[in-house]
Amino acid sequence: MSATPAPRAVRFAGVVTVVQAVAGLTFVAALLVRAAQADMGSVGSLTRGSTYGEAGYFGLISLGVLAAGVGLLRSKHWARTPVLLLQLLLLGVAWFAMGPSDSPLMAFVFAVPAVFVLWCLFNRAGREWWMSSRTAPDSNNG
């Protein structure tokens, strides 16, 4: 199957997703620096081990997000679904930040890129690119 190049909107979605992954990896680096300090501060009952565990968890997630973002940049159809799911999860985070957390600025920071990526993947060009990867099993194309 020949790979059709992704339209510009899908590549923009890939760029935003890669930026989100870099932000996640930056958070992981901050967690690792914090865990390596002698005094971890007064955060409650967090231990050094749990902070390393949190860094590992977010590191794996961020690397997966990075892979999906690079996949969109390289016109890989498989990357669309993980990116869509990530953006829907980020909209949930934005909803929580707006409501129970009462942090409208953080809600804005999470919601705007998520809505932009969803728009890029669901606009006409993004849908046509996605549908070009699908052929009916009984078609004469293969």
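Each chain has its residues counted from 1, running along the sequence as written. Confidence filtering applies because this is a predicted model: local features only for residues at pLDDT of at least 70, side-chain atom pairs given and counted only at 80 or more, and all residues used for totals across whole chains, interfaces and linings. As a convention, hydrogens and water are excluded, and side-chain values are obtained from all of the structure's heavy atoms.

A few points about the packing of helix α4 (residues 104-122) against helix α5 (residues 124-131)
Going by this rule: For helices, the fitted line uses only the C-alpha atoms of the stretch in contact; every axis is such a line through C-alpha atoms, and the angle between N-to-C directions lies from 0 to 180 degrees. Only DSSP runs of H or I covering at least 4 residues are called helices, and only runs of E covering at least 2 are called strands; the numbering of each starts at the N terminus. Angular relationships are summarised with four words: roughly parallel below 35 degrees, roughly antiparallel beyond 145, roughly perpendicular across 65 to 115, and oblique for the angles in between. We call two residues contacting when some pair of their heavy atoms lies within 4.5 Å.
Contact geometry of α4 with α5 gives a least axis separation of 4 Å together with a crossing angle of 55°. Relative to α5, α4 is oriented oblique. Residues C120, L121 and F122 of α4 form the contact with α5, whose participating residues are R124, G126 and R127.

What about a nonpolar patch on the surface?
Inclusion rule: The patches reported here contain residues having more than 30% relative accessible area and no salt bridge. Joining distances are 9 Å for like charges and 5 Å for nonpolar side chains (Val, Leu, Ile, Met, Phe, Trp, Tyr). The accessible surface values rely on the Shrake-Rupley method and a 1.4 Å probe; as for residues, cover is taken only from the protein chains in view. What makes a salt bridge here is a side-chain nitrogen of Lys or Arg within 4 Å of a carboxyl oxygen of Asp or Glu, nothing more. For each residue, the accessible area found with a 1.4 Å probe, counting protein chains only, is set against the maximum for its type, and the residue is called buried under 20%, exposed over 50%, and partly exposed in between.
Together, L105, M106, F108, V109 and V112 make up a nonpolar patch on the protein surface, roughly 490 Å² of accessible area in all. Tracing the chain through its elements places V112 in helix α4. Here V112 falls in the partly exposed class, since its relative accessible area comes to 41%.

Some details on the nonpolar core
Short version of the rule: Remark: nonpolar core denotes a set of buried residues (Ala, Val, Leu, Ile, Met, Phe, Trp, Tyr, Cys) joined through side-chain atoms within 4.5 Å.
Of all hydrophobic cores here, the largest spans 15 residues; its most connected members are V10, A13, L72, V83, V117, L121 and W129. Breaking this core down by element, the ones donating at least two residues are α1 (8-36), α2 (48-73), α3 (80-98) and α4. Apart from residues lying up to four places away in sequence, V117 is in contact with A13, V16, T17, V83 and Q87.

Points about α4
Under the convention used in this document: Each helix should span, by expectation, one fewer than its residue count multiplied by 1.5 Å.
Over its 19 residues, α4 runs 26 Å from end to end, which matches the ideal 27 Å to within 8%, given 1.5 Å per residue. Inspection of α4 places A107, A111, A114, V117, L118, C120 and L121 among the buried residues, and these make up the whole buried set. Turning to α4, the residues buried within the fold contact α1, α2, α3 and α5.

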